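Single-letter residue listing:
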Amino acid sequence: MINLLDRLSNWTARATDAVVILMTVVMMSALILQVFSRYVLSASLIWSEELALILFTWTTLLAATSVLRDMAHVRLDVVISYLPLGLQKFWNRVITIVIFLFCIALAVSGYDYTVSTMGQVSAAMRLPIEVLHLAAPVCGGLGALHAFARIFKPVVVTGKPKEFIG
Amino acid sequence: AETLRVGWTTSDSAQDPYAIMAHNLQAELDQRLPGKFDVQMFPNNQLGDEKQMLEGLQYGTLDVGIITNASIANLDPAFQLNDMPFLFADEEQAHGVLDGEVGQEILGKLSGKGMIGLGFAEGGFRHMINNTRPVVAPDDVKGVKFRTMQNPVFIGMFSSLGGNPTPMAWSETFTAAQQGTIDGLEIPLAVIVANNYPEVTKYLSLTKHTYSALGIIASERTFAKLSDEEKAAFKESATAAISKQRTQVAEASAQLVQQLEDAGMTVNEIENPAAFREQVLPVYEEFRGAIGEELFNKALAEVKG
Amino acid sequence: MSTVAIAILATFLISMFGGVPIAFALGLASVLGLYMADFPLVILAQRLIAGTQSFSILAIPGFILAGDLMMHGGLSRRLVKFCQALVQHVTGGLGMVTVLSATFFAAISGSAPATTATIGGIMIPEMEKRGWKRDFSAALSAASGPIGQMIPPSIPMIIWGVVAEDSINQLFLAGIIPGLLIALGLMLVCWIVARRSPHIPRESRATRKELLDSLWAGKWSLLAPVLILGGIYGSVFTPTEASAIAVFYALIVGLFIHREMKLAALPSIVMAAMRTSAIVCFIIGIASAFGWLVAIEQLPSAIASGIMSVSTNPIVILLILNLFLLFIGAIMDNIAAMIILGTTLSSIGAQLGLDPIHLGAMVVINLAIGMATPPFGYSLFVASAISGQSIERLSVALWPMLLVSFVVLMLVTYVPAITLFLPSFIR
Ligand code: NA
Ligand code: NA
């Protein structure tokens, strides 16, 4: 049962990755097309900036969930690295539960947000605003799935360097 | 006293139409409902941009918002009426329509959305500034690259005048004008001054192409906590604050034109507003349906009559 | 300060130091704050979406991806080769190659750890082969990383520009001279160390032909910053568009000119970059919920007036600010720090009459240096990971380099012209 849950989480994360890659290609293309159109065709595109921004929100929130699957979000572990190993494992599980609860809160919040803003349209393309706002509940939901799976099957800590940022 | 959060996007300066409105409202409320509210000001997008402020009004996290009409139009298309190019010939005409039946009908669209429209304050007419030539007749817009908001009404207006509308983020616009990526832009007088545009643009053409209405919107949740008399006093305060604000903005705008001339801009008026309106009729046709046929005709009748 | 404000700050700090990932520590504090202040939970989602709806921040994934593509497409290796031909014969030359390559790479990459990883990955083994100590080379790579954030493009400058509503174009220019000063200082350290170490051999001078060959081989790498910065300051495109153009450029060069990148490898390169970007931008998004609460509780003005009450002497306040920021930079993540402290710092700066661009550059440089100061810094972690040296050993080798950074920081703080000279051309 636990293995099944873990596989579901893993499969979901890899599918999410594929979507993120596709969206990134479209996002970058929209930006390049905008410059091209402005200089070569000497006409500005109305939709490119808005499309790129909507995809930016989606790629960020989706990729954040697959990073969560690998428990690779940056954190300060200096303090807890001084704890004995058994206690560290226990504490990491507590943190995972906290993350799970937060993701549930985000999913609920995102659902409320999407429902309460129905009828709004985007400024340039006049798309229903749900196209953008749905990213929040989807991120919360996927995050909750991964965190839930990680409560039962924590990440095996390896000596490999962590992902780094900034 | 109850906390009353008032939010707007621009700065908290004495010349800013949004800020003037916020402080007028505070003064009127203090007079009519003394000690009732502890008014807190949130200028400069402090609580989010206009989209988020509108949502905040719905959720009750913002009590009063002073919101540009074009942003409210993303919530309900009827508001696009106010942004129709060359619709109003002067301020008096705009005030007449916005304070009358048409304005009430538009503001009423907010009541199903958790908000109460209290009226429209003065944002001042929007004008064109550019580096190519003074805009006197519609033909002068031809081929000139104007930065516009990412808004179909404004983009449509410049397209039908034969211009080259360039939607661009506001934060990029000054540098773009300085370095010639764009030839000009269209903004109210106060914004020209506040952002030092005389340094980078030459011609100020008082085209009055769009009347900028500022929606004064309260949260329904805030109103629900008030008694009937308090509600009435609140509405009166808003009306009084708007009327004072209009006078102050009108005085300021005469000074602003002078100030811009002193700063080295070449200022001109347009010859024949009707010729401009003729050119932008396709925009009217495009948005007539979304705004509502009946409402649109009522407004047109009022500005012609 | 209100109870809500105290509670959210405490929740954030306790959970962050307790090992909760930074984004979730901010999220937890925000949910608690919304609950305590009786605001609807829906604000969380609203602010998360709003925090990522910024055209300026959209430059971050592009610049991260472009840097990664330039590494995989052989652009960074050619850059190093050229720098080698340029300075290898000088005393301490190989160390200088590390710094110089990092400086060139900084004009492509917006990130400190990516700069350390790319240049350190090539140079640490190379330096060891030629008699340099491994801990020194690793420390040098770590200390060169922050140059990546000072010389444009720069991810922290973009974030500060959004938080403080300053011009990103001007902030970019403000970082150039300080970045070059740190590079010069680090090269000086290499020179001194090499003079004192007899086991570091002098390299022979590259011949004229070698130099020209390496220049020719590296032309596409050297053209990249010209394209990016030239495009931005020739106002051909915005920084965000520039990031996409850089991606496009790196793709073309890597796939078709250098032919070192396989099409099949692209999805994993893109995904790795998007994960890095998402980690940064997710923090930005969640922090915007936190920042909203902090603003509505009017916390920034409370903190600012608290600091201003200590002293009104600008020199003293600036010193306090620097020490405070260095401390923050030493122990925590700089993105969260900028978003949380942004409004407070801006209002202190305004009260002191500081030029906002000067203030912004100061904050970013402070926190960039923090990338290499122990115990917490991504450049430090990366250098430790690729060299196999412990953070403790690196810390010992780092001190002369950190001294250089501090001296430059003091210069930046008290001589505004260092940051304001270049931006003055586009005002
Ligand atoms: Na850089
Ligand atoms: Na540090």
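Conventions we followed
- Residues numbered from 1 in each chain as written.
- Chains lettered and ligands numbered in written order.
- Predicted model: local features only at pLDDT ≥ 70, side-chain atom pairs only at ≥ 80, totals over all residues.
- Heavy atoms only, no water.
- UniProt positions renumbered as here; feature names shortened; annotations may be inferred.
- Helix = DSSP H or I, 4+ residues; strand = E, 2+ residues; numbered from the N terminus.
- Rg over C-alpha atoms; globule rule 2.2 N^0.38 Å.
- Buried < 20%, exposed > 50% of the residue type's maximum accessible area, 1.4 Å probe, protein only.
- Contact = heavy atoms within 4.5 Å.
- Pairing = 2+ DSSP bridges.
- Right-handed = clockwise from strand over helix to strand, strands pointing away.
- Phe/Tyr/Trp six-rings, centres within 6.5 Å; stacked < 30°, edge-to-face > 60°.
- pLDDT = per-residue confidence, 0-100.
- Buried area = accessible area lost by both parts, 1.4 Å probe.
- Salt bridge = Lys/Arg side-chain N within 4 Å of Asp/Glu carboxyl O.
- Polar contact = N/O pair within 3.5 Å; in protein donor to acceptor, adjacent residues only side chain to side chain.
- Nonpolar A, V, L, I, M, F, W, Y, C, P; charged D, E, K, R; others polar.
- Donors = N, O, S within 2.8 Å, 3.2 Å for Na, K, Ca; no water.
- Tetrahedral: all angles 85-135°; square planar, octahedral: opposite > 155°, others 65-115°.
- Axes fitted to C-alpha atoms, helices over the stretch in contact; angles between N-to-C directions.
- Parallel < 35°, antiparallel > 145°, perpendicular 65-115°, else oblique.
- Expected span 1.5 Å × (residues − 1).

- Chain C carries the name TRAP transporter large permease protein in an unreviewed UniProt entry, which gives Sulfitobacter brevis as its organism.
- Reading the Sequence similarities (unreviewed entry) entry of the UniProt record for chain C gives the comment "Belongs to the TRAP transporter large permease family."
- Quoted verbatim from the Subunit (unreviewed entry) field of UniProt, the annotation for chain C is "The complex comprises the extracytoplasmic solute receptor protein and the two transmembrane proteins."

1. Brief notes about the overall build of chain C
- When helices and strands are counted, chain C shows 23 helices and zero strands.
- A globule of 427 residues ought to have a C-alpha radius of gyration of about 22 Å, and chain C, at 22 Å, matches this closely.
- C-alpha extents for chain C along the principal axes are approximately 70 × 45 × 45 Å.
- Among the 427 residues that make up chain C, the fraction classed as buried is 67%.
- Considering only intrachain contacts with a sequence separation of at least 6, the fraction spanning at least 24 residues in chain C is 79%.

2. A short note on the pairing of strand β1 (residues 2-7) of chain B
Residues and elements named next belong to chain B.
- Strand direction decides the pairing type here: β1 and strand β2 (residues 37-42), joined by six bridges, are parallel. Bridge pairing in β2 places Glu2 opposite Phe37.
- Once you follow β1 into helix α1 (residues 17-32) and on to β2, the crossover reads as right-handed.
- Pairing analysis gives two bridges linking β1 to strand β3 (residues 64-68), with the strands arranged parallel.

3. Examining the packing of aromatic side chains
Residues and elements named next belong to chain B.
- Tallying each qualifying case throughout the model produces 21 aromatic pairs over all chains.
- Aromatic pair Phe79 and Phe120: ring centres 6.3 Å apart, planes at 65°, arrangement edge-to-face. Here the residue Phe79 occupies a position in the loop between α3 (69-72) and α4 (91-99), and Phe120 occupies one in strand β4 (residues 115-130), the gap between them amounting to 41 residues. The residues Phe79 and Phe120 share a single accessibility class, namely buried.
- Centroid distance Phe125 to Tyr211: 5.3 Å. Interplanar angle 75°. Geometry classified as edge-to-face.

4. Notes on unusual backbone geometry
- Between Pro152 of chain C and Pro153 of chain C the backbone carries a cis peptide bond, its omega angle lying at -5°.
- Tracing the backbone shows Pro153 of chain C in the loop between α9 (147-150) and α10 (155-164).
- For the bond from Pro374 of chain C to Pro375 of chain C, the omega torsion is 5°, close enough to zero to count as cis.
- With respect to the helices, strands and loops of the structure, Pro375 of chain C is situated in the loop between α20 (356-370) and α21 (378-387).
- Even without being glycine, Asn45 of chain B reaches a positive phi, approximately 60°.
- Checked against the element boundaries, Asn45 of chain B lands in the loop between β2 and α2 (50-59).
- With phi around 50°, Arg259 of chain C is a residue other than glycine that occupies positive phi space.
- Given a relative accessible area of 64%, Arg259 of chain C falls into the exposed group.

5. Quick look at the confidence of the model for chain B
- Model confidence for chain B is summarised by a mean pLDDT of 93, while 100% of its residues fall at 70 or above.
- Within chain B, β3 of chain B carries the highest mean pLDDT (97), whereas helix α7 (residues 170-179) of chain B carries the lowest (81).

6. Let's talk about the interface of chain C and chain A
- Each partner contributes residues to the interface: chain C has 67 residues there, and chain A has 59 residues.
- Both sides together, the interface formed by chain C and chain A hides about 5400 Å², and carbon and sulfur atoms give 79% of it.
- On the chain C side of the interface with chain A, the three residues burying the most area are Phe24, Arg275 and Ile279 of chain C, jointly 13% of the side's total.
- At the boundary of chain C and chain A, one finds one salt bridge.
- Residue Asp70 of chain A is joined to Arg275 of chain C by a salt bridge in which the shortest nitrogen-to-oxygen separation is 2.7 Å.
- Counting the contacts that link chain C with chain A gives 11 residue pairs in polar contact (both at pLDDT 80 or more).
- Elements with a contribution of two residues or more to the side of chain C that touches chain A: α1 (3-17), α2 (22-36), α3 (42-52), α4 (59-72), α7 (112-129), α15 (239-257), α16 (266-296) and α21 of chain C.
- Ranked by residues supplied to the side of chain C that touches chain A, first place goes to α16 of chain C with 14 residues.
- In the side of chain C that touches chain A, the residues fall into 50 nonpolar, 14 polar and three charged.

7. Digging into the coordination of the sodium ion (ligand 1)
Residues and elements named next belong to chain C.
- Bound to the sodium ion (ligand 1) are the protein donor atoms Ala106 (O), Ser109 (O), Gly148 (O), Ile151 (O) and Pro153 (O), situated 2.2 to 2.3 Å from the metal.
- Of note, the donors binding the sodium ion (ligand 1) are all from one chain and are spaced A-x2-S-x38-G-x2-I-x1-P. In this pair, Ala106 is assigned in helix α6 (residues 93-106) and Ile151 in the loop between α9 and α10, connecting sequence segments 45 residues apart. The pair formed by Ala106 and Ile151 is uniform in burial state, with each residue classed as buried.

8. Regarding the coordination of the sodium ion (ligand 2)
All names here are of chain C.
- Those donors, Gly329 (O), Ala330 (O), Gly370 (O), Thr373 (O), Thr373 (OG1) and Phe376 (O), are the protein atoms that reach the sodium ion (ligand 2), and they lie 2.0 to 3.0 Å from it.
- If you look at the sodium ion (ligand 2), its six donor atoms make angles of 67 to 166° with each other, and the shape they trace is octahedral.
- Within one chain, the residues serving as donors to the sodium ion (ligand 2) are arranged as G-A-x39-G-x2-T-x2-F. Residue Ala330 is found in helix α18 (residues 314-331), and its partner Gly370 is found in helix α20; the two are separated by 40 residues along the sequence.

9. What about the environment of Leu75 of chain B?
- By the element assignment, Leu75 of chain B lies in the loop between α3 and α4.
- Placed 24 residues apart in sequence, Leu75 of chain B and Lys51 of chain B show a C-alpha to C-alpha distance of 8.8 Å.

10. Comments concerning the side chain of Thr201 of chain B
- One can find Thr201 of chain B in the loop between α8 (189-194) and β8 (203-219).
- For Thr201 of chain B, the side chain forms a polar contact with the main-chain oxygen of Tyr197 of chain B, separated by 2.8 Å.

11. Let's talk about the packing of helix α5 (residues 75-87) of chain C against helix α14 (residues 219-233) of chain C
All names here are of chain C.
- Close contact between α5 and α14 brings their axes to 8 Å; oriented N to C, the two are set at 100°. One way to sum up the angle between α5 and α14 is to call them roughly perpendicular. Packed against α5, whose contacting residues are Leu75, Arg78, Leu79 and Phe82, the element α14 presents Trp220, Ser221 and Leu222 at the interface.
- Along the lines of polarity and charge, the residues of the contact of α5 with α14 split into five nonpolar, one polar and one charged.

12. Overview of the environment of Arg133 of chain B
Residues and elements named next belong to chain B.
- Mapped onto the elements of the fold, Arg133 is located in the loop between β4 and β5 (145-148).
- As for Arg133 and Asp183, which are separated by 50 residues in sequence, their C-alpha atoms are 9.5 Å apart.
- Polar contacts involving the side chain of Arg133 include one to the main-chain carbonyl oxygen of Lys142, which spans 2.7 Å.

13. Concerning helix α2 (residues 48-69) of chain A
All names here are of chain A.
- If you check α2, its first and last C-alpha atoms are 31 Å apart, about what 22 residues at 1.5 Å a residue would give, namely 32 Å.
- Most of α2 sits out of view: 21 of its 22 residues are buried.
- Immediately downstream of α2, the backbone of Met71 shows phi near 50°, a positive value.

14. Details of the interface of chain A and chain B
- Between chain A and chain B, the residue contacts involve 21 residues of the former and 19 residues of the latter.
- Both sides of the chain A and chain B interface together cover about 1600 Å² of buried area, and 43% of this is carbon and sulfur.
- When the buried area of chain A at its contact with chain B is split by residue, Ile46, Gln120 and Arg126 of chain A rank highest and sum to 31% of it.
- Viewed at the interface, chain B and chain A are joined by eight residue pairs in polar contact (both at pLDDT 80 or more).
- Mapped onto the side of chain A that touches chain B, the elements with two or more residues apiece are α1 (2-39), α2 and α3 (85-116) of chain A.
- When grouped by side-chain class, the residues that make up the side of chain A that touches chain B number nine nonpolar, eight polar and four charged.

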